[in-house]
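Take a look at the letters that make up each chain.
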Amino acid sequence: MSWSEAGLGDGLIAVRAVHFAATANTLGALIFRSLIAEPAFGATPEAVPVLAAQIRKLAWTSLVIAVLTGLGWLLLETMQITGLSLWDALTQEGLSTVVEVTQFGQVTVVRLALAVLLAISLAGERVWPVRRLTLVSALAFTGAIAWTGHAGSTAGDLGILHLVSDVLHLWAASAWIGGLLLLMSLLNSSARHQSAAWRKLEQNAVSRFSLLGIVAVSTLVLSGAINAWIIVRSWQVLLATAYGQLLLVKMAVVALMVAFACVNRLWLTPQLAATAAADASLQLARNSGIEFALGLAVFAIVGALGLQHPMIHP
Amino acid sequence: MRHPSRIWTAVLVLSLVTTEARAHAFLDRAEPKVGNTVASPPREVTLYFTQKLEPAFSTISVTNAAGQRIDSGKARVSGSQMSISLKPGGNGTYHVNWRVLSVDTHTTDGNFTFQVGQ
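Residues numbered from 1 in each chain as written. Chains lettered and ligands numbered in written order. Predicted model: local features only at pLDDT ≥ 70, side-chain atom pairs only at ≥ 80, totals over all residues. Heavy atoms only, no water.

(A) Seen up close, the overall build of chain A. Counting its regular elements, chain A contains 12 helices and 0 strands. Counting helices and strands in the order they occur from the N terminus, chain A gives α-α-α-α-α-α-α-α-α-α-α-α. Across the 314 residues of chain A, 54% fall into the buried class. Intrachain contacts of chain A at a sequence separation of at least 6 include 76% that bridge at least 24 residues. If you sum the accessible surface of chain A, you get close to 13,300 Å²; carbon and sulfur atoms cover 70% of it. (Helix = DSSP H or I, 4+ residues; strand = E, 2+ residues; numbered from the N terminus. Buried < 20%, exposed > 50% of the residue type's maximum accessible area, 1.4 Å probe, protein only. Contact = heavy atoms within 4.5 Å. Areas by Shrake-Rupley, 256 points an atom, 1.4 Å probe, with all protein chains shown as cover.)

(B) Structural context of the overall build of chain B. Across its full length, chain B holds 1 helix and 8 strands. Along chain B, from the amino end to the carboxyl end, the secondary structure elements read α-β-β-β-β-β-β-β-β. Out of the 118 residues belonging to chain B, those deemed buried represent 41%. Pairs at least 24 apart in sequence give 56% of the contacts found in chain B among residues at least 6 apart. Just so you have it, chain B exposes about 6,200 Å², and 49% of that area is on carbon and sulfur atoms.

(C) Spatial organisation of the pattern of salt bridges. Residue and element names in this part refer to chain B. If you walk through the whole model with that rule in mind, you get 7 salt bridges over all chains. Here Glu 44 makes a salt bridge to Arg 76, at a shortest N to O gap of 2.4 Å. Taken together, the residues Glu 44 in strand E3 (residues 44-49) and Arg 76 in strand E5 (residues 76-78) connect sequence positions 32 residues apart. Residue Glu 44 is classed as partly exposed on the basis of its relative accessible area, which comes to 33%. Overall, the relative accessible area of 39% leaves Arg 76 in the partly exposed class. (Salt bridge = Lys/Arg side-chain N within 4 Å of Asp/Glu carboxyl O.)

(D) Quick look at the packing of helix H2 (residues 47-82) of chain A against helix H8 (residues 156-193) of chain A. All names here are of chain A. Interhelical geometry of H2 versus H8 gives an angle of 150° and a closest axis separation of 11 Å. Considering their axes alone, H2 and H8 lie roughly antiparallel with respect to each other. With respect to the hand of their crossing, H2 and H8 are arranged in right-handed fashion. The segment H2 lies against H8, with Leu 51, Gln 54, Ile 55 and Leu 58 engaging Gly 178, Leu 181, Leu 182, Ser 185, Leu 186 and Ser 189. (Axes fitted to C-alpha atoms, helices over the stretch in contact; angles between N-to-C directions. Parallel < 35°, antiparallel > 145°, perpendicular 65-115°, else oblique. Left-handed = near helix turned anticlockwise from the far one by under 90°.)

(E) Quick look at helix H5 (residues 103-124) of chain A. End to end, H5 of chain A covers 31 Å across 22 residues, agreeing with the expected 32 Å (1.5 Å per residue, within 8%). Where H5 of chain A is concerned, the buried positions are Phe 104, Gly 105, Val 107, Thr 108, Arg 111, Leu 114, Ala 115, Leu 118, Ala 119, Ser 121, Leu 122 and Gly 124 of chain A. (Expected span 1.5 Å × (residues − 1).)

(F) Structural detail: the nonpolar core. Residues and elements named next belong to chain A. Counting residues in each nonpolar core, the largest one holds 94 residues, and the members touching the most others are Phe 32, Leu 63, Trp 176, Leu 201, Phe 209, Val 232 and Phe 299. Among the elements that line this core, the one with the most residues is helix H1 (residues 3-41), at 18 residues. Excluding residues that lie within four positions of it along the chain, Phe 209 makes contacts with Phe 32, Ile 36, Ala 175, Trp 176, Gly 179, Leu 180 and Leu 183. (Core = buried A, V, L, I, M, F, W, Y, C linked by side-chain atoms within 4.5 Å.)

(G) Representation of the confidence of the model for chain A. The share of residues in chain A with pLDDT of 70 or more is 94%, and the mean pLDDT across the chain is 89. Across chain A, H5 of chain A holds the top mean pLDDT of 96, while helix H10 (residues 235-240) of chain A sits lowest at 81. (pLDDT = per-residue confidence, 0-100.)

(H) Summary view of the packing of aromatic side chains. In the structure shown here, the tally under the stated rule is 5 aromatic pairs over all chains. Where Phe 32 of chain A meets Phe 209 of chain A, the ring centres are 6.1 Å apart and the plane angle is 50°; that geometry is what we call tilted. Placement of the pair is Phe 32 of chain A in helix H1 and Phe 209 of chain A in helix H9 (residues 196-231), with a sequence separation of 177 residues. For the pair Phe 32 of chain A and Phe 209 of chain A, one class covers both residues: buried. Geometry around Phe 141 of chain A places Arg 111 of chain A over its ring, the cationic atom sitting 4.4 Å from the centre. Taking NZ or CZ as reference, Arg 29 of chain B lies 4.0 Å from the ring centre of Tyr 48 of chain B, over its face. (Phe/Tyr/Trp six-rings, centres within 6.5 Å; stacked < 30°, edge-to-face > 60°. Lys NZ or Arg CZ within 6 Å of the ring centre and 35° of its normal.)

(I) Seen up close, the sheet that holds strand E1 (residues 27-31) of chain B. Residue and element names in this part refer to chain B. The sheet built from 4 strands is open, its strands ordered E1-E3-E6-E5 with antiparallel pairing. Edge positions in the sheet fall to E1 and E5, since each of these pairs with one other strand and no more. Within the sheet, the average angular offset between the axes of one strand and its neighbour, ignoring direction, is 15°. Looking at chain direction, E3 and strand E6 (residues 81-85) are connected through 5 bridges and run antiparallel. Paired with Val 45 across the two strands is Ile 84, which belongs to E6. (Pairing = 2+ DSSP bridges.)

(J) A look at the pairing of strand E8 (residues 107-116) of chain B. Residues and elements named next belong to chain B. Side chains Thr 108, Gly 110, Phe 112, Phe 114 and Val 116 of E8 all project onto a buried face; the interleaved residues Thr 107, Asp 109, Asn 111, Thr 113 and Gln 115 project onto a face where none is buried. Two strands pair when backbone bridges link them, and strand E7 (residues 92-101) and E8 are joined in this way by 10 bridges, in the antiparallel orientation. Along E8, the bridge assignment pairs Asn 97 with Asn 111. Adjacent in sequence and paired antiparallel, E7 and E8 are bridged by 5 residues, among which Thr 105 carries a positive phi angle near 75°.

(K) Structural context of the environment of Trp 176 of chain A. All names here are of chain A. The topology assignment puts Trp 176 in helix H8. Taking the C-alpha atoms as reference points, Trp 176 and Gly 295, 119 residues apart in sequence, are found 9.1 Å from one another. Setting aside its immediate chain neighbours within four residues, Trp 176 contacts Phe 209, Ala 216, Val 217, Leu 220, Val 254, Met 257, Val 258, Ala 261 and Glu 291.

(L) The arrangement of the environment of Met 82 of chain B in detail. Residues and elements named next belong to chain B. Looking at the secondary structure, you find Met 82 in strand E6. A residue is classified by how much of its surface remains accessible, and Met 82, at 0% relative accessible area, is buried. Separated by 36 residues in the primary sequence, Met 82 and Thr 46 have C-alpha atoms spaced 5.7 Å apart.

In structure tokens, the structure reads:
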């Protein structure tokens, strides 16, 4: 392997990891708004402008990073597929060929169009009643990643199952990991304000996020098991191949995240109603931060996993 | 969300410390079968892969025992299957070379032989 090939591979892993994390944060912020923040705002109107601004800021920042890394991913893949240099890939029809004739290129163009739709709806939702369009376009922008990877290349009826499972996996990961930054922000704000209204909002939001987490983790485990069964198929492959070993590391990190989530759910959440609620809030925020950092590690592993050729036993 | 730039730096660092992975191809099966002997020259060679292929970046070449190319030059791709028509090439060892791009963007290549006659 030449230095340039190794550099290209490292670049692809990095750009994919950042893209997946940014995409998950975009969708996660919008799911958090729809399922956690807005239903919990009720009795705490003073929290609305603070949280609404934070949600929009996270969604916008993440969307911009997702678009830029999406373009970078397309360019690096073009170089890898065609063997052209960066300049030649841009000038000698390498990019246009990949966009026109490969599934990866076509899906990337569709996803960029969805990102534009999402940006327009995000910008216009103060004027138009387009909130649902914002969430739907974010779901489509995220779910379409499935068609660029192993799920998109699985043949036959199994391919349909693989795609459905992968889309659910992407949505569940986004809902969980992508909501953690906003949960941290809400908990820190509540600890700062220390008012009864903020405490009520916090309890309501944490309770809702806990339920969302249970649904997301259940979906991740089920869809992850289906994906692993389709791709790996045997214990030998899981233990003896680089793909299988990376998958095991990913599963270990996710298990650690679930352990933190269990501590939050079973130990810290009940303490929010107690007198030392501020301490519990800060500890919940800290644990959510650790969960988020572990989530970023998962995205880094996924960035590398997708470049591995899975050993499928016929 | 106090330091978003630090978070994104952490993502980048995490992604850079992971191992770079290289792709390896899996040819599921072929017709004529890999290493087998067929009685008469086949009219085409068909390769079945474990993943769906990109037609524009997938090729096969077939040479006969004399080293002459006897394929039509244009492979047909349908899902995970790739075929190419052959001209009559006589008896002996046929060499098949393939290079494919799977839909998930892995480029892989390989070769095998089969015997015609005897």
